Amino acid sequence: MTDPFNRILEVVLPDALQCDDSDRNPAFAIAFTADGVVPFPQVILHAPAGQHLLKSDAMTVSDGPGGERTYTVRVPAGLSGCGEIKVQVEGCRKADIHQAGGGDWIKEFRSLRLAPAIKPKPAIQMSSAADPGAAKLYFGIHKHMHQPYYNATDRRYWDGEKDSIFGARGGPYTHFIPTAVRQYLNGGLPHAGLSTSWSGSLIEQLDRCAAEGLCGGRFGGWNHELRAVAQEKTALGHPRVDFSAFGFFHPLMALIPERDIVKQIDWHRGIIRAAFGIDASSVLFPPETAFHVRMIPALNRAGIRAVIYDSIHRFRACRDYPYAGPNEGMLPPNLAEQVNPPVDDWLQLRNIWAGSKISPGLLRPEYVRYEDPDGKIHQIIAVPAERYIGNEDARGGFGALQYPDVLGQVYNQIVATGAFDPKHPPFMLLHSDGDNHGGGADSYYNHNTGQLVQWLQGDPRFELTTIHDYLDRFPPDPARAAHIEPGSWSGADNGDPQFMKWFSRYDQPYSPDLNSWAVLTAFQNVAHSLEDALPGSAWLDDLNRLLLTAETSCYWYWTGQHVWDQQVTNAANAGYGMVKSEVDALLASGNDRTGPTIFAPWITPENPGGKRWGQGCLLDAPREGTVHTFAHDISGLSRVTLVLRAASAETRIKMTDHGPYPSQTGAAVTARYFTAELPAGAGDARYYIEAEDGKGNLSRGALERVYLA
């Protein structure tokens, strides 16, 4: 047999395609060329509605003159709905796939966008500016800026690739936001501004670029214009540029402990003040727009007034939600999440990609509640960022998103259904990355903003406003608190309620993502135990920095790439190596007073007795569900118990200990993996996990919810 390949030389596929009238993809081809024979070639399409695997039996093969070989696969029409498809081309170098390790798989990643079919535009109902009782739709804009540390243990790491990544974003990281905001000012828009989230890891690296002349000196004085425009105020005295509260290292806050959420936010406040001369906002943009109500106690502790979330998770929490099927990109909502009253103003947006219907009447800030295991209620204001309109705005504003047309559809529905409440009028954010794709381009902040301002000057139905100005004018009622389903924005594999983008390959014998969570859980317990026992120690800052860096959500995002799969272990090993003698001394003294660290649980199947994913379709899910978690304590674990509260009674279930998760990254510490079987037919249930260590220290997880059919 010819020697197997070493590299994938080229990948050829369309950049973009237009869907048919049913908003499904046309047939198209993907070809890739390798420098030799690929024993197991395959193409994986990470589509909005799930993964599609195309293996060698669907491919044609042609040989090149230099020994290279080209593999071509034809993707059938109708496989996926509109949206972005991540294309993973890969092959295994070993002929015996069962003997292959992670390093034997060679992968390349590309993407293509499936644009919606062009459809007739709707008529827009106009209102008179002289009518003081006319309905009005308020909206805001949010731009997210972030770069992770590409080496979790060496903040000085830099190479040509990093120079290129940062250098290509000179505008977004310096003058684009000031350019847009000055057009709001010059256009006479009294409440207009925008919110923007900047990670601490990005700011630190920009400061380094400025100090050392990296990126050709592009970032000398990078924050001067931002500091200046940060002093501009709205008519109500709030900043025109609101630097959102955020997690310093871009953690997925729904999956880290409460104390680390608070620490990430506190650290971030300091660097915002230093970089921009203004305090960070009391409004939080959670990384990846990933929100879970169990975050609320930590956000309250951190002084957060309001949190931004992706609107679909409010819609799906209604009792009559019109689930759109696989095209929605998520499974049907779990019935335990659907506790809000039904609404009757569902709208299918046109002329943009929208995989499901929206409810314009629910697009407004409101209080959201969480009940903890003790029955205590915690509340916070939740601000909706509209999933589909924000996603379209990310493509570049006017030219991609036609604001009068699309926002006009929302306005028309509010008028037609009588949903306008002058005390709580509709408000939504258009949220997107501010440094990627069309939403991060010069044309967005310049020409698009100019057109936006001109339109708003002549159309009294709409007003661009900051979140703070809106909340001052139209405060939500704390007595009317709703529930929001967990989840993130659509850019994270549609942002499902269990955050499966960060649990890739969870159903396989080994998952790099689960490995990283297990390692992180153990490292968190080490750091927290030492912090509680030895506060003020000289090495705590260095230990905490490694821990918080290890929580960077990007280290889970690109699963299957060794450089990312290894990052959490590298940070944990460095931190544990630094303090192992302190851990040993603490254990010898018998003074460990910190309870076990419990990782946020997940359930398989996601909807027991409901639906699960098939190959591009939905199948019936087993009624038997399994709860999974990780737990760790430096003093060992004496028990881990699942406490299930159903209508009939409270049941305590001993969780099965499967031992330490089998790490393949050389982890020095890793958590133990636990499961518990859930009883079928229990209905709408609540549960939490309780763990006790060898010293009698007790910990409890958050109160979770699930419907067991």
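Look above for the structure.
This write-up is about the structure you can find in this document. (Residues numbered from 1 in each chain as written. Predicted model: local features only at pLDDT ≥ 70, side-chain atom pairs only at ≥ 80, totals over all residues. Heavy atoms only, no water.)

### With respect to the overall build of the protein
- Each helix and strand counted, the protein has 16 helices and 31 strands in total.
- What you see for the protein is a C-alpha radius of gyration of 26 Å, in line with the 27 Å of a compact globule of 709 residues.
- Its C-alpha atoms give the protein principal-axis dimensions of about 75 × 70 × 60 Å.
- For the protein, the proportion of its 709 residues judged to be buried stands at 60%. (Helix = DSSP H or I, 4+ residues; strand = E, 2+ residues; numbered from the N terminus. Rg over C-alpha atoms; globule rule 2.2 N^0.38 Å. Buried < 20%, exposed > 50% of the residue type's maximum accessible area, 1.4 Å probe, protein only.)

### Brief notes about helix H5 (residues 258-276)
- End to end, H5 covers 27 Å across 19 residues, agreeing with the expected 27 Å (1.5 Å per residue, within 8%).
- Looking at H5, one finds that the buried residues are Asp-260, Ile-261, Val-262, Lys-263, Gln-264, Ile-265, His-268, Arg-269, Ile-271, Ile-272, Ala-275 and Phe-276.
- Just beyond H5, the residue with positive phi is Gly-277, at close to 65 degrees. (Expected span 1.5 Å × (residues − 1).)

### Some thoughts on the packing of aromatic side chains
- Within this structure, the stated rule accounts for 45 aromatic pairs.
- Between Trp-353 and Tyr-388 the ring centres are 5.2 Å apart and the planes differ by 85 degrees, which places this aromatic pair in the edge-to-face class. Taken together, the residues span a long stretch of sequence, with Trp-353 in the loop between helix H7 (312-315) and strand E15 (366-371) and Tyr-388 in helix H8 (residues 387-393) at a distance of 35 residues.
- Exposure remark for Trp-353: the relative accessible area of 3% places this residue in the buried category.
- The buried category is assigned to Tyr-388, whose relative accessible area is 1%.
- Through a chain of ring-to-ring contacts, the aromatic side chains of Phe-503, Tyr-510, Trp-517, Trp-556, Phe-599, Trp-602, Phe-630, Tyr-661 and Tyr-673 assemble into a single cluster.
- Geometry around Tyr-444 places Lys-143 over its ring, the cationic atom sitting 3.8 Å from the centre.
- The residue whose ring lies beneath Lys-501 is Trp-558, and the NZ or CZ to ring-centre distance is 5.9 Å. (Phe/Tyr/Trp six-rings, centres within 6.5 Å; stacked < 30°, edge-to-face > 60°. Lys NZ or Arg CZ within 6 Å of the ring centre and 35° of its normal.)

### Description of the sheet that holds strand E3 (residues 28-34)
- If you walk across this open sheet you meet the 4 strands as E1-E3-E7-E6, and the pairing is antiparallel. At either margin of the open sheet sits one strand with a lone partner, and together these are strand E1 (8-12) and strand E6 (59-63). Within this sheet the neighbouring strands show an average axis-to-axis angle of 20 degrees, counted without direction.
- As defined by bridge partners, E3 adjoins strand E7 (residues 69-75) across 7 bridges and the pair is classed as antiparallel. (Pairing = 2+ DSSP bridges. Axes fitted to C-alpha atoms, helices over the stretch in contact; angles between N-to-C directions.)

### A closer look at the nonpolar core
- Among the nonpolar cores identified, the biggest contains 177 residues, and Phe-139 and Trp-198 are the most heavily contacted of them.
- The element that contributes the greatest number of residues to this core is helix H12 (residues 512-533), accounting for 11 residues.
- Contacts of Phe-139, omitting those with residues within four sequence positions, involve Leu-407, Phe-427, Met-428, Leu-430, Leu-452, Trp-455, Leu-456, Phe-462, Glu-463, Leu-464 and Thr-465. (Core = buried A, V, L, I, M, F, W, Y, C linked by side-chain atoms within 4.5 Å. Contact = heavy atoms within 4.5 Å.)

### Observations concerning the packing of helix H3 (residues 200-212) against H5
- The geometry of H3 relative to H5 is characterised by a closest axis approach of 10 Å and an angle of 40 degrees between their N-to-C directions. Both H3 and H5 take part in a crossing whose hand is left-handed. Touching Gly-200, Ile-203 and Glu-204 of H3 are His-268, Ile-271, Ile-272, Ala-275 and Phe-276, all from H5.
- Its residues assigned to classes, the contact of H3 with H5 shows 5 nonpolar, 2 polar and 1 charged. (Left-handed = near helix turned anticlockwise from the far one by under 90°. Nonpolar A, V, L, I, M, F, W, Y, C, P; charged D, E, K, R; others polar.)

### As for the side chain of Thr-569
- Checked against the element boundaries, Thr-569 lands in helix H16 (residues 567-589).
- With residues up to four places along the chain from it excluded, the contact list for Thr-569 reads Asn-515, Val-519, Thr-665, Gly-666 and Ala-667.

### As for the environment of Tyr-367
- Here Tyr-367 lies in strand E15.
- Among residues more than four places away in sequence, those in contact with Tyr-367 are Gln-379, Ile-380, Ile-381, Pro-476, Asp-477, Pro-478, Arg-480, Ala-481 and Ala-482.

### Brief notes about the pairing of strand E25 (residues 637-645)
- One ladder, built from 8 bridges, connects E25 with strand E29 (residues 683-693); its direction is antiparallel. If you follow Arg-639 over to E29, its bridge partner there is Glu-692.
- Both E25 and strand E26 (residues 650-654) contribute to a ladder of 5 bridges, which runs antiparallel. Its bridge partner lying in E26, Leu-642 is registered against Ile-653.
- The hairpin formed by E25 and E26 contains 4 residues between the paired strands.

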